[in-house]
Amino acid sequence: MGIADHELRFRQWLSEHTGLLVKVARSFAEGPADQDDLFQEILLQVWLSLPSFRDESKPTTWLYRVALNTALAWKRSEKKRRPRQDSLSISDVAAPSVTSAEAERNDRVVDQLYAAIRALQPAKRALVVLYLDGFTYREIADVVGISESNVGVSLNRIKKELAAAVQEDEDE
Amino acid sequence: MNNFPDQLQQAWQSQCSKPIDVKPDQLLTVTRYERLVQFLVDIGMISFFLCVGILMLGWAFRDIQKDWPWLISALSDVWVAGYILFNRWRRRRNAAHYDETMLAHVEWSIKDIEHQMWLDRYAPWWYILPIGLGCMIPPVFFFAMDYGKRPLLDSLMPWLGTEVVFVATFIFVYLLMQFGVRIANEKRRQELQALRALRETLLNTQE
């Protein structure tokens, strides 16, 4: 892959799938500063890993693999909060919110979901983020590297955990 | 799947984002800097040992009949430079691929940390021992060659003095390294524990 192709594909994927990377950053890091740091780390790893993309998987599957592996490594790393690109933060990516009652309710539910996801173990976080984004068990198994039946069993348990956490949050 | 409230999934999927302008050059600034520093450190260390090795070689060939023990020093310096190079090459070849499955990436990370701990544990044998032998063996030969030609004390004292200085230096470096390794390994053990727990969660989902 030439430099021009590399950059073209990078920009094209970012224009289509930035939301996916934001979701991973928000699910694995707490607070805006850490989320921005993880977001930039994911962008960096996507850029660095892109030459090894072989068209054997869908871009979203590939991006999720890179993003989730980066998030797991970032969680353990001490090299956090390294300024890279100025004025590149998750708040820049968020689309202007539509001020309707339903949109506000959605935002609230999403915030509760993120809080509940961050309380899960890292492996469970990965599974649930993929599930919430509408991935099939087959696709989740492809990203995580476990069998479809294992995905199903795990998700059943995690969904109950997550629904209970969100419900509890709402009751409060 | 049906038990999970659809509204949560719908809310999740309703999140929107707008395209951003990412400048790879800016994004890579820190990484390039880190790589440059690592490269310069490696080059500095390798050059140092190679230069000392060449110096020892030159020293030995001034009068090979008499000064050949310096060849041992040259050999130990080349060994250390080669070992650093080999390790860097090995690490680069086995570097993590972020686009692997999560389980494969976790397995790789576990292996990498275990290997780093193994390297640190045996660093004294790979680095200090060859350098130590390279420094301490030639004086033994020089003492042996000198034996009987001069009064015993005249040749024994400089030899003993040299050996004592070397031994003290290497013991100090060894202890310093062990201290550093203990601190680094504590963090690595925690990392390893977290990774193993992650692997267990992924593999034992049917329990």
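Residues numbered from 1 in each chain as written. Chains lettered and ligands numbered in written order. Predicted model: local features only at pLDDT ≥ 70, side-chain atom pairs only at ≥ 80, totals over all residues. Heavy atoms only, no water.

> So what's going on with the interface of chain B and chain A? Residues and values would help.
Counting from both sides, the interface comprises 47 residues of chain B and, opposite them, 74 residues of chain A. Around 5,300 Å² of area is buried between chain B and chain A when both sides are counted, 62% of it from carbon and sulfur atoms. When the area that chain B buries against chain A is broken down by residue, the three leading residues are W12(B), L27(B) and Y98(B), summing to 16%. For the pair chain B and chain A, the number of links is 0 salt bridges. On the surface where chain B and chain A come into contact, there are 13 residue pairs in polar contact (both at pLDDT 80 or more). At 7 residues, helix α8 (residues 152-203) of chain B tops the list of elements feeding residues into the side of chain B that touches chain A. (Contact = heavy atoms within 4.5 Å. Buried area = accessible area lost by both parts, 1.4 Å probe. Salt bridge = Lys/Arg side-chain N within 4 Å of Asp/Glu carboxyl O. Polar contact = N/O pair within 3.5 Å; in protein donor to acceptor, adjacent residues only side chain to side chain. Helix = DSSP H or I, 4+ residues; strand = E, 2+ residues; numbered from the N terminus.)

> Break down the packing of helix α5 (residues 70-93) of chain B against helix α6 (residues 102-121) of chain B for me, with residues and values.
Residue and element names in this part refer to chain B. Relative orientation of the contacting elements α5 and α6 amounts to 170°, with a least axis distance of 13 Å. When the axes of α5 and α6 are compared, the pair comes out roughly antiparallel. Counting all contacts with α5, which are made through Y83, N87, R90 and R91, the residues of α6 involved are D112, H115, Q116 and L119. Across the contact of α5 with α6, the residue classes break down as 2 nonpolar, 3 polar and 3 charged. (Axes fitted to C-alpha atoms, helices over the stretch in contact; angles between N-to-C directions. Parallel < 35°, antiparallel > 145°, perpendicular 65-115°, else oblique. Nonpolar A, V, L, I, M, F, W, Y, C, P; charged D, E, K, R; others polar.)

> Got a sec to walk through the pattern of salt bridges? Specific residues and values, please.
For the coordinates displayed, the defined rule picks out 16 salt bridges over all chains. The residue K23(A) makes a salt bridge to D133(A) at a minimum N-O spacing of 2.7 Å. Residue K23(A) is located in helix α1 (residues 3-28), and its partner D133(A) is located in the loop between α6 (122-132) and α7 (137-144); the two are separated by 110 residues in the primary sequence. Across the pair, D133(A) and K23(A) agree in class, each one buried. For the salt bridge of E114(B) with R196(B), the shortest nitrogen-to-oxygen distance reads 2.5 Å. Here R196(B) lies in helix α8 and E114(B) lies in helix α6, a separation of 82 residues in the sequence. By relative accessible area, which is 33% here, E114(B) ends up partly exposed. Using a relative accessible area of 35% as the deciding quantity, one classes R196(B) as partly exposed. Via salt bridges that share partners, R138(A), D142(A) and E148(A) belong to a single interconnected network. (Buried < 20%, exposed > 50% of the residue type's maximum accessible area, 1.4 Å probe, protein only.)

Note that all results are geometric; they support no functional claim without further evidence.
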